[in-house]
Each structure stands twice: as structure tokens, then as C-alpha cells.
Amino acid sequence: MKKLCFILIFFNSFLALAQSEGVLEGKILDSSNEPLSGASVYIESLRKGTMSDFDGNFKLSEIPEGTYEVSISFVGYTTIKEQVTIMSGQTVTLNKTLEESSSVLDEVILTVNKQPQKLTDVPATVNVIDSKTIKEYSSFNVGELAAREKGVDFIRSGVLGTGINIRGFNSAFNSKNLQVTDDRLSTLIATGLPLGTFATVTKDDIERVEILLGPNGTLYGPNAHNGLISTITKNPRTSEGTTLAFGGGNQKVLSARVRHAQAVSDKFAYKVHFERSQGEDFNYVDTVYVGTEGYKELGIDYDFNTTKYGTGLYFKPAPGSEIIGYYGHSNNNNIAITNAGRNLIKDWTIDVAQLKYVSKHVFANTYYTWSNTEDTYAMNQRTQNYVSFINNGFSEEEALERSYTEQWFPTGPGTGVALQRGAVFKDASRRFNAEAQYNNNWNQFYLTAGGQYQLDMADSKGTYLLDQDGSIDIAQLGFYGQVEYRLEDSGWNFLFAARVDNHDLYGSNFIPKAAITKKINAGTFRLTYGRGIAVPSILNLKGNLFGGLVLGNGEGFTLSDGSTIDKLQVETINSYELGFKGKLSKKMFIDVSAYYNQSDNFISPLRNIADAANGKFVTHIGDQPIGDVVEGSDGSFVLTYLNFGHVDTYGLDLGLNYYLSDQWRTSLNYSYFGRHLDKNDMNNDGNLDGVVLETELPVNTPEHKAGLGLHYSGKKFYGTIFGNWTQKYDFFSGINIAAETQDLNGDGVNDVIENAQNGRTWNYGQLGGFTVDANVGYYITDNFTAGASVTNLFNAEVRQFVASPAMQTLVSFELKYTIDFFKKNKNQ
């Protein structure tokens, strides 16, 4: 009888508890009344939330009776917070429409912690180029928009060639800023360089670009050293329809694009995209010097083109989870700049296949990348080879034919030997990546943990790597964890993260990160520490150029006197940052940060480690005789890379946005960058000449830069005018020099001379200056737009990169039409 009474009491208590709970349900739409799938609905005080389904519907059950603040958010849209009162046994309906974010503080971003998070809450300096900005920009080259972001060094090397650098130490072969697209690395396999225009995605498929300033390697791995550029593409469920775009401009630029996305059912959706763009680069010659005689680059072709296509398949096996498959391809022909002159890229293709699983707590991702080229060549080296044959009496036909692989070295009147000085770069490299991640939260504690595996299979077919016997396979494995402790009532948030990576050649590395944020009514203060690493590329480790004159240093060297050269290790950076994001007034928004960096173990310029005049030769690479590794080499002259140096850098990045009205906005960006180099520390002697010069560790970054913009977005018209000022600055990279006349070592003789030949290049003087860009557009209908953009509106003579022309005015226009052929059927 007692047991029966206990059961009845327990059952009645349960019923009473259930009756004191209610349900919250509703639907989330965008401004076009289309359902938003995957929107977050969250009650912070209960740590309880859910995601909207395919039709934008959501339901939260078992909510205790009471009044709560409900937060509704979606990436790229304004976050809504709503007070709701839950009554016992009742269902409350909350239907909401989210607008695309018009305030920089309302943005929800993904990249920093690999989870949706409001921009003001993230412990990092982040720039966001959103879908509306991309849509209303009339050029096919989305990279141009980076010129308008704070803390970013934007460079242009031609009509097609653009690039960015973050917080110093730029070069003509820069891999210190990691580029990712939809959770996959967008970098070349053998060199680690960002894909840039080689990427397979097209403009109309890009949802947003998030640019993170400073080290971000804990969750993303090596080479998120100075910063991270993350491109996120559109989900077909929230971007249904067919987009047709046609553009053109001066320099014979033509571009045609098509994208189609459709949700077939509540389970299945897909998208396809295609682009063909072409044009003619500026008529500029990077003079090749043989002695004091200058020559035009051999075989130069100013025409560029790129063809891209891809498809994505999206399947929802259950509510709150999705399986995504993607395949993309690009084919590229253009001119590219390196530390040793310019390359002519010929039919370089990139292919990528990806499969990933996304759910509330589990993320799994795997993808495979192919890189292929057969006929790309270094124009500088080929020109030198050609001249060597012509100057020694060979015919034009033979000189042209042999210029791809050999250089003639005269040994006497009418005699000589052909040296292997290959100018052709072949590539058949492959890369496999896999990642698994788990995330969850328990009250105030939030956990993210995962592991990543990467296998690089670099294959140059013996043209620039030590891979005569097949591909160079190098694996790396990393594990990471991140814990956050959020005290919402007080506004404090504490984060700690750590990562351990192990690489086949340079061993293990530890990457920690820590952050404290404090919310106030006006915004959020943040204090962060992060460590980053820049890894030697496979080219640095296993390179073999110009017949063994340049060798990678992945295993170290032994010399004939018994001395040894250590193998390359990673470059490191320890970064400390203090910042604030928030409101200065109702219409004024600010994002400001100050940072201090300590950088060590730079990878040196090429150094000759032998000294044949004094009988010192290289005898071994690792534990192998050099003659066994490089056929015919006697080790009398070997150029390679070493680690050296320590530099402290510091700076300030400031972004201001003032909303004049709902349609008008002004923006101001300013950045300062400084550094301290100890000239008494011989570890900073990059060329081993016994004197430390400023050029040993060139920062290649302006001390001051600023941008000012005026933006308008109306119902029909939209437009922006933006001015960029970059203080003049020196740039040294390999053979390339862009600098003012100066005496580097204080001996009274100018070592660098402006507007003259300097070594193997012509020095046009410092980079930087002031330019004005503009774009304008008009919505002819809701689905049909016409736009135009002008780069360097006033045709200012400004040179932005070495081995590049002064930028001329570029004009482009674009017509775009979007229609959903299946909308009528879906609404029936």
C-alpha cells in the first residue's frame, strides 16, 4: 500500500511539473518571406535552444513557466531578441523575420570559434565582407573588396592579380595568411601559397568572407600565422533560384557566370555554378638582367583567363544534421610574381572533392585536392637561358627550344657545357585532409575538441623538387581543444585553447590561445594571447631548382670540415592584443585593437652554405651523400634556407562606422605598424656578412595606412566611393626591390638606387600612394540589377607591388538577373 501511495504521489508530482511547463514554437523567415533553415533559437538563461528546420519551423518544449529573453540569429542577419512569457500547459507562437545585417555589430560570424557567434562577442579582430556587399560589387574579382577592410595590406600586381597581407612581413612568396573555403584549405600543395584566383568558387556562390587579424592556428592549424581568410559559400536552401551574370570592362575583360540552387525536398537540395572570365593584363615588362644588359621576358603572354565550375549536394538525414558533398574545378592562365621574377601560368588546374557532416554536436570533414600543370615556366630563368645560347652563337630555333631546360656556360672560345637550369614547373601534387570535431555545453561551460590529419603528396615530376623517384609524401596530425566559461549575468567570458601538431619533418609544436572578454552596455572589451606558426613549405624542405643550385633544407646538411647545418624549423609568433567592439553613440560603431608581437625563427633568404674558395663543400644532405641526391653535384655551391632572427612588432587597427541614416553610412579605417630590430644581435644577420641591416628582416609593410568611405544603399540605387591612402614604404623580396635611394650599411655609398638597375631587377622606387575607387548600381527590378565599378578613379600613378606596373584605371560593368523557376510550383 505504501508503494502504491508513493507511485501515485510521484505521478501526480510529475503531472504538476509537466503542467507548469509550456512550449515555444514558430517560424523564421528572411526579408523575402523565404524560410531560413538552420536559424538558431536560444534561451540563454535556460541554456536551451534549437535550430529551425527546412521550412523555417522550430519548436522548444518543456520550458518552465516564466518570462524569458529569446535570441534568434542566423549568419549574415541581424540578431533579434524577444521577450516571451510561457504559461503552464500552453503553446506560445513566435514568428519572426530576420533582415540582412545592416549594422557591423549585429553580424553573426562562424570562423573564430567554428560556431555561430555574434561579432561583438568574439575574442578576435574580424572583418566581414557580407553577401550584400559582394552582390552589389560589379567586378568578378571579389578580392578587390579587401582593400576596404581595416588592418589589411591590399596589393594589386595587375588586372587579375590581387592579394592581401596582415600585420607585416609580406613578400612575393607569402604563405603566412591561411586561406580556407568551406572548411577546406585553399592553398597550393607544394608551396603553401593561397589559391587566390585559382579557387574553384564563383562570386555569386559566396555568402561572406571573414578576415581574422592575428594568429588563429589553434583551431585551424599551421600557417594561420598572421591571419586567416575564410570564404563561406551559400546554402542552396536559403539561396534558391538561378542567377545569370555578364560583365565586362577595359583591358578586354569579359566575364560570364551562372549559378542555380534548388531545394528539391525537405531532405535534399543542390547547387551548381560556372564562371568564365578573361582579359588582357597591363603591357608591362619586368626586365631580365644578364650582367648589365636588360632583356624583355621571353614568351610573355598578357592574356589571362580562368574557368571555374562546381556542384554541391546537401542531404538532411535527420532534423538538425546535414551531409554535404562538393566538387569544384578551376583552370587558370595568367602571370604570377615570385621572389625570382615572374612566372607564366599555363593551364594550371585545381580540383577538389569534399564530403562533410554537420550536426549540433558533431562535425566531420574530409576532402581531396588535385593540382596539375605541365607547361608553366619561370620567364626570368627562361630568358637567361635563352640569352646564354644566343650570345654563344646558337641559332634562334635551338636557343628557344633549349631555353626551357638548359643554360650554356662557356669554358673557352667556341666551347662550353650545358648546365641544367630548368625553367619549366610541372605539378601533379595531391593532398588528403580529414577532420573530426565535437562540441557541447554544460551550463556555463562550452567545449570544442577535435583532430585533423593531412597528407601532402607533392609531385613536380622532377622539375623543382627532390622527387625524381615519385611523390614526396609528408603527413601531419593535430589535436585541439577549446574551453569557454561564460558568465552571462556579469558579462565575463574566459577562453582557453591549445593545439598539438606533429609533422613528419619538423616534429611537434604546441599552439596555445587564451582570451578574456567583458561585455558592457556599449560593447565588449577583449584581451587575448595567441601563438602562431608558419611552417616551411615542401619547396623550402625538399626543393631542387636549377640543377641543384637551390636545395630545400628538410634534413640538414653536413660540410667537409665536419660542421653541420640544422634542418628548418617553424617560424613562430606570440601575439598579445587588447581591443574593444561597440558603440560610441547610437549611430557610431567602433572596432579598435592594439597588439604586440614577438616573432622568431624566420626562414632566411637563400644562402650559399659552401665556401669552395676555402675548401669547404657540402658532403651530405641528411645522412645521404649529396651526389646520390643530386646527380653530378660536388657540393661546391649550394643555396638553401636557414632559420634566424627575432623581431618585435606592434600596431593599432581602428575601424569606425557612422550611420547618417538608414541609407547612408560612412566608414574610416586606420592602421599603424611598427617594429624593433636589434642590430647588435648577430642572430639577425640574414646574409652572414657580419652586419645586421634593416633589410635582413624586411617588414614590407607601411607604417601608416588609412581608408575613408561613403556608402549608400537604397531601394533602387546603391553605391560606394572609397579612398585608400598608404604611406610610401620599402619592399625587398628575393631579387625584387621597390625602395628609395639609401645607404644601408653606413659606409657612405648608396646600396639602393631609385629608378635604376639594382642587382637583377629595376627599382622603380617605393610602393604606396593614394587612390579612389567607386562602384554604383541600380535595381531595374527586384531581380535585375545593373552596376559599374571603377578602380583608381583618377588614374593616380601608384605602384602597389614589386615586379608590377603602376596601376591604371580599371572600369567594369555587370548585368545580373536572378529568377526562381520553381517558386510557383513550390507555392502551389
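Residues numbered from 1 in each chain as written. Predicted model: local features only at pLDDT ≥ 70, side-chain atom pairs only at ≥ 80, totals over all residues. Heavy atoms only, no water.

Along the backbone of the protein chain there are 8 helices and 55 strands. The C-alpha atoms of the protein chain give a radius of gyration of 29 Å, which matches the 28 Å a tight globule of 828 residues would have. Across its three principal axes, the protein chain shows a C-alpha extent of roughly 115 × 65 × 50 Å. Residues counted as buried form 55% of the 828 residues belonging to the protein chain. Taking the contacts inside the protein chain whose residues are at least 6 apart along the sequence as the reference set, 63% of them involve residues at least 24 apart. (Helix = DSSP H or I, 4+ residues; strand = E, 2+ residues; numbered from the N terminus. Rg over C-alpha atoms; globule rule 2.2 N^0.38 Å. Buried < 20%, exposed > 50% of the residue type's maximum accessible area, 1.4 Å probe, protein only. Contact = heavy atoms within 4.5 Å.)

Right, let's get into the confidence of the model for the protein chain. Overall, the predicted model of the protein chain reaches an average pLDDT of 89, with 93% of residues at or above 70. Below a pLDDT of 50 lies the segment residues 6-18, which in the model reaches 0 contacts outside its immediate sequence neighbourhood of four places, other chains included. (pLDDT = per-residue confidence, 0-100.)

Checked against the element boundaries, Ser277 lands in strand β20 (residues 268-280). In this structure the side chain of Ser277 is engaged in a polar contact, spanning 2.8 Å, whose partner is the side chain of Ser255. At a separation of 2.7 Å, a polar atom in the side chain of Ser277 contacts the side chain of Glu275. Setting aside chain neighbours within four positions, we find Ser277 in contact with Phe140, Leu254, Ser255, Phe304, Asn305 and Thr306. (Polar contact = N/O pair within 3.5 Å; in protein donor to acceptor, adjacent residues only side chain to side chain.)

Attention now goes to the sheet that holds strand β15 (residues 184-185). In space, the 5 strands of this open sheet follow the order β11-β16-β17-β14-β15, with mixed pairing throughout. A single partner strand is all that each edge strand has here, and the edge strands are β11 (125-130) and β15. Bridge analysis of strand β14 (residues 177-181) against β15 gives 2 bridges, and the strand direction is antiparallel. Note that in β15 the partner of Val180 across the bridge is Leu185. (Pairing = 2+ DSSP bridges.)

Before going further, it helps to examine the nonpolar core. Ranked by internal contacts, the top residues of the largest apolar core, which has 31 residues, are Ile134, Leu178, Val209 and Ile211. Of the residues forming this core, the biggest block, 5 residues, is contributed by strand β16 (residues 206-213). With residues up to four places along the chain from it excluded, the contact list for Ile211 reads Thr125, Val126, Asn127, Ile129, Ala146, Glu149, Val152, Ile164, Ile166, Leu228 and Ile229. In terms of nonpolar packing, the next biggest core, distinct from the first, is built from 20 residues, Ile28, Leu36, Val41 and Ile72 among them. (Core = buried A, V, L, I, M, F, W, Y, C linked by side-chain atoms within 4.5 Å.)

Moving on: the pairing of strand β25 (residues 341-359). In the case of a regular strand, side chains alternate between the two sheet surfaces. Here 17 bridges tie strand β24 (residues 321-338) to β25, and the two strands are oriented antiparallel to one another. Residue Ile324 lies in a different strand from β25, and its bridge partner there is Lys356. Following β24, the chain reverses through 2 residues before pairing antiparallel with β25. Sheet analysis places β25 next to strand β26 (residues 362-378), joined by 12 bridges and oriented antiparallel. What sits directly across from Val352, in β26, is Thr369. Hairpin geometry of β25 and β26 is characterised by an intervening segment of 2 residues between the two adjacent antiparallel strands.

In total, this model carries 24 aromatic pairs according to the counting rule given. Between Phe169 and Phe602 the ring centres are 5.0 Å apart and the planes differ by 50°, which places this aromatic pair in the tilted class. With a gap of 433 residues between them, Phe169 in the loop between β13 (162-166) and β14 and Phe602 in strand β40 (residues 588-603) connect regions that are remote in the sequence. Here the two residues Phe169 and Phe602 agree in accessibility, since each one is buried. When the centroid spacing of 5.1 Å and the interplanar angle of 90° are considered together, the rings of Phe389 and Phe394 count as edge-to-face. By the ring-pair criterion, three or more aromatic residues cluster together here, those being Tyr284, Trp762 and Tyr764. It is Arg167 that lies over the ring of Tyr595; its NZ or CZ is 3.9 Å from the centre. Against the face of Phe644 rests Arg607, its NZ or CZ located 5.0 Å from the ring centre. (Phe/Tyr/Trp six-rings, centres within 6.5 Å; stacked < 30°, edge-to-face > 60°. Lys NZ or Arg CZ within 6 Å of the ring centre and 35° of its normal.)

Time to look at helix α4 (residues 379-390). Taking 1.5 Å as the rise per residue, α4 with 12 residues should run 16 Å; its terminal C-alpha atoms sit 16 Å apart, in good agreement. Of all 12 residues in α4, 11 are buried, a share of seventy percent or more. Listed in full, the buried residues belonging to α4 are Met379, Asn380, Gln381, Arg382, Thr383, Gln384, Asn385, Tyr386, Val387, Ser388 and Phe389. (Expected span 1.5 Å × (residues − 1).)

Quick look at the pairing of β13 now. Bridging between strand β12 (residues 152-156) and β13 involves 5 bridges; their strand directions are antiparallel. Within β13, the position partnered with Ile155 by the bridge is Gly163. With antiparallel pairing between neighbouring strands as the criterion, β12 and β13 make up a hairpin whose turn holds 5 residues.

If you trace the 4 strands from one edge of the open sheet to the other, you get β3-β2-β5-β6, paired in antiparallel fashion. Each having just a single partner strand, β3 (48-51) and β6 (80-86) make up the two edges of the open sheet. In this sheet, neighbouring strand axes are inclined to one another by 20° on average, regardless of whether the strands run parallel or antiparallel. Two elements, strand β2 (residues 40-43) and β3, share 4 bridges in a ladder whose sense is antiparallel. Bridge pairing in β3 places Tyr42 opposite Gly49. (Axes fitted to C-alpha atoms, helices over the stretch in contact; angles between N-to-C directions.)

Mapped onto the elements of the fold, Thr292 is located in the loop between β21 (288-290) and β22 (293-295). Judged by relative accessible area, Thr292 falls into the exposed class, the value being 70%. Sequence separation between Thr292 and Gly579 is 287 residues; the distance between their C-alpha atoms is 51 Å.

Okay, unusual backbone geometry next. Trans peptide bonds make up the majority, and among non-glycine residues the majority have a negative phi. Positive phi values are uncommon outside glycine, yet Glu62 reaches one of about 55°. Among the secondary structure elements, Glu62 is positioned in strand β4 (residues 57-64). On the basis of relative accessibility, which here comes to 58%, the residue Glu62 falls in the exposed class. Of note in this structure, Phe546 is not a glycine but carries a positive phi near 55°.

Moving on to the side chain of Arg342. Inspection of the secondary structure assignment puts Arg342 in strand β25. Residue classification places Arg342 among the buried positions, given a relative accessible area of 5%. Among the polar contacts made by the side chain of Arg342, one reaches the main-chain carbonyl oxygen of Tyr284 at a distance of 3.0 Å. At a separation of 2.8 Å, a polar atom in the side chain of Arg342 contacts the side chain of Glu297.

As a further point, take the pattern of salt bridges. One pass over the structure, following the stated rule, counts 30 salt bridges. Two residues, Asp653 and Arg167, come together in a salt bridge whose shortest N-O distance is 3.1 Å. Of this pair, Asp653 sits in strand β45 (residues 643-659) while Arg167 is found in the loop between β13 and β14, placing the two residues 486 residues apart along the sequence. Look at Asp653 and you get buried, because its relative accessible area is 2%. Under the relative-accessibility criterion, Arg167 is labelled buried at 6%. (Salt bridge = Lys/Arg side-chain N within 4 Å of Asp/Glu carboxyl O.)

Let's shift gears to the environment of Glu297. Relative to the assigned elements, Glu297 resides in the loop between β22 and β23 (303-315). With a relative accessible area of 3%, Glu297 lands in the buried category. With 46 residues separating them along the chain, Glu297 and Asn343 place their C-alpha atoms 9.9 Å apart. The contacts of Glu297, once residues within four sequence positions are left out, are Tyr284, Val285, Asp286, Val288, Arg342, Met379 and Thr383. Among the polar contacts listed, one links the side chain of Glu297 to the backbone nitrogen of Asp286, at a separation of 3.1 Å.

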